Each structure stands twice: as C-alpha cells, then as structure tokens.
Amino acid sequence: MRFLLDEEQREFARSLDGMLTVAGTPAVVRAWSTGDHGPGRALWARVANAGVFALAVPEEHDGLSARPVELAVAFTELGRHAVPGPLVETVAVAALLGRLDDTALAKAWLPGIASGETAASLCLLTPDSPYALDADAADAVFVVTEDTLRVAESAGPVQPSADPARRLARPLGGTVLARGPSVRMAAAHAADIASLAVAAQALGLGRALLDRTVDHVKQRTQFGRPIGAFQAVKHRLADVLIALEFAQPLVYAAALSLTEGGPDTHRAVAAAKLAAGEAAYGAARAALQCHGALGYTGDLDLSLWIRKARALRTAWGTPADCRARVLQD
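Residues numbered from 1 in each chain as written. Predicted model: local features only at pLDDT ≥ 70, side-chain atom pairs only at ≥ 80, totals over all residues. Heavy atoms only, no water.

Concerning the overall build of the protein
- Secondary structure assignment for the protein yields 11 helices and 10 strands.
- Relative to the compact-globule value of 20 Å for 329 residues, the protein shows a C-alpha radius of gyration of 19 Å, a close match.
- Along the first, second and third principal axes, the C-alpha set of the protein runs to 70 × 45 × 40 Å.
- Counting only residues that meet the buried cut, the protein has 52% of its 329 residues in that class.
- Counting contacts in the protein only where the partners sit at least 6 residues apart, residues at least 24 apart contribute 71% of the total.
- With an accessible surface of roughly 14,800 Å², the protein has 53% of that area assigned to carbon and sulfur atoms.
- Once the 32 positive and 35 negative side-chain charges of the protein are each reduced to a mean point, those two points are 8 Å apart. (Helix = DSSP H or I, 4+ residues; strand = E, 2+ residues; numbered from the N terminus. Rg over C-alpha atoms; globule rule 2.2 N^0.38 Å. Buried < 20%, exposed > 50% of the residue type's maximum accessible area, 1.4 Å probe, protein only. Contact = heavy atoms within 4.5 Å. Areas by Shrake-Rupley, 256 points an atom, 1.4 Å probe, with all protein chains shown as cover. Lys, Arg positive; Asp, Glu negative; His and termini not counted. Charge placed at Lys NZ, Arg CZ, Asp CG, Glu CD.)

Pasting the structure below:
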C-alpha cells in the first residue's frame, strides 16, 4: 500500500504550515488558556478559510466531502503548531451529523461548520468521560448518551487540565435532537474520525518537539562541546525519530481505511492513535530532559507543546483502550 502524499496534499501541508507560522500560535495558546478566545477564534476563521473543516462535511452541505487523508494532513500541521480550540471535536460533529439520516439537522449545522462560523464540541458521555472540550468557547456542545443525541443548554465550570489550553467542562441539560441505533453508529464513526485527527495532531506535535530539541542540543554546550555531540543524547533523539517515523504510515493507513470503510477500520485507527500518541509523549519526555531546567518553566514556549503531548496521549482513546481494540479478535 502506498502511503506517500501527492503534490497537491504536500502543497496543502506547506500552505497551512506557512499560515500558522506567521500567526504566532504560542501567544494564541496562552490567551486561550486564560479564557480569552478572541485570538483563537480569529485563527479559527483562517483555518476554516483554508478548507480544513470543509474536509469533514459532505458536498451537498457546502463541504468538500469526507476526505480522511487530507484531514490527517491538516491536523498534523495543526498539531505541529499546537493550535488550540475544539478542532477535533468540530470535525467529529460534522462526521456524526453527516452519518445521521436527518437532512434537517445536517442543513442546520453542517454549512456553518464548513465555513468556520460554528465551532462545536462533542462529548460521548460515559462515567469515565463526563467532560466536553472547550464548552465555554464552542457555539454548540453535542452530547451522545447511548443512542440519544442532544445539544447542551449550558456547561459547568472549567476544570483543571494537564494542558491549560484544553478547557474541560461538564455539559448540562439540553434538547434531544435524535434517538435510535443510527445515533450509536454515527457516534462510533465520529469517534474514529476524532481518534484519527488526534493521532495526526500528536504526530505533528511530536515532530515539532523533536525539531526544537535538535536545534537546542546543537547550541547548548557542556564540557566545551554541544550536548548534541554526546552519544547518549543522539541515541535518545534517534529513538524519538524512529517512533515518529513508524507512527506516520499507521496514521495514513487509518485514514485510507476510513476512506474505504473496511472491516478493520476501528483497529487501524486504534493502532494509529496508540503509536502516534506514544511517539509524541516520548518526544515530550526527551525534549524536557534535553532542555534541562529550561524545560520545566512555563515561560518557555516549548512547555505548551510538552503539556499538550500528555493530554493528546489519552484524548479520544487511552493507550490501554487502543491496545485492547487492536488485539480484539
């Protein structure tokens, strides 16, 4: 199976990378962490204008049709730049509503998602997962409880999070939008799309951490030599690179499986999420160690990436859950 991107996909990645580099995302992340959503929503509009959210919306609702590979490309860049907001949840909501046989619901929400006018969050409510991401910033919070879909009326107070830019709150109350087995099936598909997007985010985040750490070890000296010249440091960063290189084809394989709708899609997505999440977490640990005392300060932009790596590792599928899914008969 061929996992190389074509020229159009590579150009899409380059254009997103250029746009997000100019945007200065560390300042946006810090503002979002304090509850100031203005800079984040401005960047959200630019991401939408690049067509990112339209990639999860069917053409009949002003989207570009479901294109999981391009979504993986886009979210790799969004992860590379640590863009805040319910990005994953918004495309998951689009996937959910696109799978439901409810034209009225689709018409009501999907065009706004495609254009970037609507930022949505999604909570697949369970006792272990009672929170919605960025419910305080989203225009709508969709909640799935077993086979019932509703839109929440409000949200509780924001809870502390390992990543301050991931603001978690309990969705409260709400109006029922749909019921039945179709909701459960659509929610399962949305969860796969979310897991793929998080895996791609983690992949991009891990590469950003590795690049920054390599630059740092070339400049920081000890005993009169750059620490990057020491074999122990080289081996540590080589392990990070190998983990990321092994995760990348799994992410693209999961995207292709979602495109084709094969019987092993759930397992392919779980494998991608597990590999990318662990690779990014390993990159964060290596970055923290190689930066020494600098890595522990919140004033350093690197800390924004390090904290996010830990959160993405468990978002939309913990390592244990993903391993269990991969090993299912």
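The discussion continues.
Some points on the side chain of arginine 167
- Residue position: arginine 167 is located in the loop between strand 5 (154-155) and strand 6 (168-169).
- A polar contact of 3.1 Å, which involves the side chain of arginine 167, links it to the backbone oxygen of serine 33.
- A distance of 2.9 Å separates the side chain of arginine 167 from the side chain of aspartate 136, its partner in a polar contact. (Polar contact = N/O pair within 3.5 Å; in protein donor to acceptor, adjacent residues only side chain to side chain.)

Topic: the layout of surface pockets
- Size it by volume and the largest pocket reaches roughly 1,100 Å³.
- If you go around the largest pocket, you meet 40 residues; those closest to its centre are Leu124, Ser129, Ala315, Trp316 and Gly317.
- Of all elements in the fold, only strand 1 (120-124), strand 2 (132-133), helix 7 (181-219), helix 9 (265-290), helix 10 (302-314) and helix 11 (319-326) reach the threshold of two or more residues within the lining of the largest pocket.
- When residues of the lining of the largest pocket are assigned to their parent elements, the largest contribution, 6 residues, is made by helix 7.
- The space that makes up the second largest pocket amounts to roughly 310 Å³.
- Around the second largest pocket, the lining comprises 14 residues; the ones closest to its centre are Leu288, Gly295, Ile306, Arg307 and Arg310.
- Counting residues per element, the ones that place at least two in the lining of the second largest pocket are helix 9 and helix 10.
- In terms of residue class, the lining of the second largest pocket is built from 7 nonpolar, 4 polar and 3 charged. (1 Å grid on protein atoms, 1.4 Å probe; cavity = no way out; pocket = protein on both sides within 12 Å on 5 of 7 lines; lining within 4 Å. Points joined across faces, edges and corners; volume = space filled by probe spheres on them. Nonpolar A, V, L, I, M, F, W, Y, C, P; charged D, E, K, R; others polar.)

Everything listed is a geometric property; what it means functionally is a separate question.
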